[in-house]
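In case you want the letters, here they are:
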Amino acid sequence: MRNAVSSEALDQIFRTARTYNGWSDTPVDEGIVRDLYDLLRWGPTSANSCPARFVWVRSSEGKAQLAGLAAEKNRPKILEAPLTVIIGNDLDFPDRLPKLLPHNAEAAQKVFAQPSLAEVTAMRNGSLQGAYLIIAARALGLDCGPMSGFDNAGVDQTFFAGTRIQSNFICCLGHGRPDSLFPRNPRLTFEEAGRFA
């Protein structure tokens, strides 16, 4: 059996980690972003499909464009955060299967030729990869502020033009300001959320 990670690591990633709404001006180095991606890319996806695509928005122009497409309450978060990543789902992910699934790419591509199956697979597995991003970011000492509340069609047109990538959610990254936290909300208990069968 493998050893579990430390209780301190579990606190950092899950138990004491919070969703931040305000950010310090400490930048997020490109090296950390690359380290973050190098961790999240190892998370499992069905057929090793890896449909998530990422736009790391850090320029003033990019932040202004993204904030302009966000709900009013989300705009200041995007403008203040040193980095906001757009997580998108690539509906053309089967094109990458010869690299990602070399032993069975042709068969998988035939399966995913069904548009409805490709779309649901991209959404499910792109969402998983977005969750891996949050876990990896917290493991590397970054705080996260994931959010919906933006114009998906506008984001797709602005940041994914000419592709079949559809925006899923966005996530501010950096070092959160403790004064921006809301009181922590409860979670469901084991019994409320599930059962053995």
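The structure this text deals with has already been given above.
A quick note: this is a predicted structure, and the numbers were derived from the prediction, not measured.

(A) Structural detail: the overall build of the chain. Within the chain, the secondary structure is distributed over 9 helices and 4 strands. Mapped from its N terminus to its C terminus, the chain presents α and β elements in the order α-α-β-α-α-β-α-α-α-β-α-β-α. Here the C-alpha atoms of the chain give a radius of gyration of 18 Å, agreeing with the 16 Å that 2.2 N^0.38 yields for 197 residues. For the chain, the C-alpha atoms occupy an extent of roughly 50 × 50 × 35 Å along the three principal directions. When the 197 residues of the chain are sorted by exposure, 41% land in the buried category.

(B) Broad picture of the sheet that holds strand S2 (residues 83-90). Taken together, 4 strands build an open sheet; the order of strands is S1-S2-S4-S3 and the sheet is antiparallel. For this open sheet the edge positions go to strand S1 (52-57) and strand S3 (143-147), each flanked by a neighbour on one side alone. The average undirected angle you get between the axes of adjacent strands in this sheet is 25°. Bridging between S2 and strand S4 (residues 165-174) involves 8 bridges; their strand directions are antiparallel. By the bridge assignment, Thr84 is partnered in S4 with Cys172.

What counts, and where the lines are drawn
Residues numbered from 1 in each chain as written. Predicted model: local features only at pLDDT ≥ 70, side-chain atom pairs only at ≥ 80, totals over all residues. Heavy atoms only, no water. Helix = DSSP H or I, 4+ residues; strand = E, 2+ residues; numbered from the N terminus. Rg over C-alpha atoms; globule rule 2.2 N^0.38 Å. Buried < 20%, exposed > 50% of the residue type's maximum accessible area, 1.4 Å probe, protein only. Pairing = 2+ DSSP bridges. Axes fitted to C-alpha atoms, helices over the stretch in contact; angles between N-to-C directions.

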